[in-house]
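Close look at the chain arrangement
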Amino acid sequence: MSTNSSASLTQTPFAPPSLDVSIVIPVYNEQGNLPLLFQRLYPVLDALGRSYEVVFTNDGSVDASIELLTEQFNARPDVTRVIDFNGNYGQHMAIMAAFERVRGNVVVTLDADLQNPPEEIPKLLEKTDAGYDCVGGVRQNRQDSIFRRYASMFVNFVRRSSTSIEMTDQGCMLRAYSRAVVEGIVRSGAINTFLPALAYTLAKNPTEVPVAHEERHAGVSNYSLGKLIRLNFDLITAFTTVPLQLFTMLAMACSAGSLLLVCVLAFRRIFLGAEAEGLFTLFGILFFLVSVCMVGIGIIGEYVGRTYQVVRGRTRYQVNRVLENNLTHEGGNSKFQ
Ligand code: UDP
Ligand code: MG
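Residues numbered from 1 in each chain as written. Chains lettered and ligands numbered in written order. Predicted model: local features only at pLDDT ≥ 70, side-chain atom pairs only at ≥ 80, totals over all residues. Heavy atoms only, no water.

To continue, consider the UniProt feature "domain: Glycosyltransferase 2-like" (unreviewed entry) in the chain. Here, the residues flagged by UniProt with the feature "domain: Glycosyltransferase 2-like" (unreviewed entry) are residues 22–183. Helix makes up 40% of residues 22–183 and strand 22%. Its end C-alpha atoms lie 13 Å apart. (UniProt positions renumbered as here; feature names shortened; annotations may be inferred. Helix = DSSP H or I, 4+ residues; strand = E, 2+ residues; numbered from the N terminus.)

Time to look at the coordination of the magnesium ion (ligand 2). Four donors placed tetrahedrally about a metal ideally form angles of 109.5 degrees, and six donors placed octahedrally ideally form angles of 90 or 180 degrees. Listed as protein donors to the magnesium ion (ligand 2) are Asp113 (OD) and Gln115 (OE1); their distances from the metal cover 1.9 to 2.1 Å. The residues aspartate 113 and glutamine 115 share a single accessibility class, namely buried. (Donors = N, O, S within 2.8 Å, 3.2 Å for Na, K, Ca; no water. Buried < 20%, exposed > 50% of the residue type's maximum accessible area, 1.4 Å probe, protein only.)

Near ligand 1 there are 18 residues, and of these Glu30, Asp59, Asp113, Ser221 and Asn222 occur at the shortest range. Aspartate 113 is positioned such that a nitrogen or oxygen atom in its side chain is 2.6 Å from an oxygen atom of ligand 1. Measuring from an oxygen atom of ligand 1, one finds a side-chain N or O atom of glutamine 115 at 2.8 Å. Taken by itself ligand 1 offers 530 Å² of open surface, and the protein chains cover 95% of this. A per-class count over the shell around ligand 1 returns 5 nonpolar, 6 polar and 7 charged. (Near = heavy atom within 4 Å. Polar contact = N/O pair within 3.5 Å; in protein donor to acceptor, adjacent residues only side chain to side chain. Areas by Shrake-Rupley, 256 points an atom, 1.4 Å probe, with all protein chains shown as cover. Nonpolar A, V, L, I, M, F, W, Y, C, P; charged D, E, K, R; others polar.)

Now for the pairing of strand E6 (residues 175–178). A two-sided burial pattern is seen for E6, the buried positions comprising Arg175 and Tyr177 on one face and Ala176 and Ser178 on the other. By the bridge criterion, 3 bridges tie strand E5 (residues 134–140) to E6 in an arrangement that is antiparallel. Bridge pairing in E6 links glycine 136 to arginine 175. (Pairing = 2+ DSSP bridges.)

On to the packing of helix H2 (residues 34–46) against helix H3 (residues 65–75), then. Two numbers describe a pair of packed helices, the interaxial angle and the distance between the axes. Running from amino to carboxyl end, H2 crosses H3 at an angle of 30°, the nearest separation of the two axes being 10 Å. Classified by the angle their axes make, H2 and H3 are roughly parallel. As for the relative orientation of H2 and H3, their crossing is right-handed in sense. In this structure, H2 contributes Leu34, Pro35, Phe38 and Tyr42 to the contact, and H3 contributes Ser65, Leu68, Leu69 and Gln72. Class assignment of the residues belonging to the contact of H2 with H3 gives a composition of 6 nonpolar, 2 polar and no charged. (Axes fitted to C-alpha atoms, helices over the stretch in contact; angles between N-to-C directions. Parallel < 35°, antiparallel > 145°, perpendicular 65-115°, else oblique. Left-handed = near helix turned anticlockwise from the far one by under 90°. Contact = heavy atoms within 4.5 Å.)

Here it is as structure tokens:
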């Protein structure tokens, strides 16, 4: 007799986990950070006393990152895997590609620029050992620009008021997930998504833990203003349609106001005679309403564009090759679902 849970287990595309921990690190132009990252990360993992692997995804770097990753793979082929993308598909797709291949029972994500100190990994594992299936790091003393911190506060506010996702620090990528959560993420086939939020929606027992945060060791952030705006729209549009509903409500309020205005003007026209003044007031009102419409069209566009990307079913990412266990595979690709 098969229960629901065993039925869903048989549907999973994953082999059973064969290791304790998988560390997942997306890499985009991080040549200045990788040597120190290797130097700090591997001793922490060796000291855990658990079986582990480190899965790096090279997200189309144009510097020497892939050479450094290949060197590290050659130095530690027992515990290192490298997925090499043919182009830049973004941090969250880089993590997704690694999630599709991880062999660990617990999966930890980490940035490559040393903003997330590898020494904090054991703190997360203590929580997964205690039975939590989604552990979010909360950056203490965040070492980012004032603009980034205020922008995060704003997006945090929008997320809190429009979704039921509870996260103190959504932008912190130092996180740990149970295998079940990672499998759920992969099965979702999500694109344009924000992985920590998606993980939260799939978790049964999430928690948070304070973690240290450091300044970027070398180089500058890979997120331009445009990329940041797109990422934060991903966070909102992937999890809620509240912005669309708010807009409908605003449109109804504006219609009611406009109707009132028409009534007042008609009343004046009939009882007080025609008036030429007030023309500019009317223009002002009109411009305001037109700009509100434009914002509305923009918000609808954000949703429609993302729907289109899913519907047209293009490749989510293309893998050049995978370095693992002394074998070099030619890569495949992953389709939108
Ligand atoms: N990253 C990536 N692809 C991208 C942008 C970033 O794989 O298109 C990686 C990057 O190498 C780093 C992590 O994602 O490991 C976080 O990027 P970054 O430090 O630039 O972001 P920030 O800390 O400024 O949010
Ligand atoms: Mg960073």
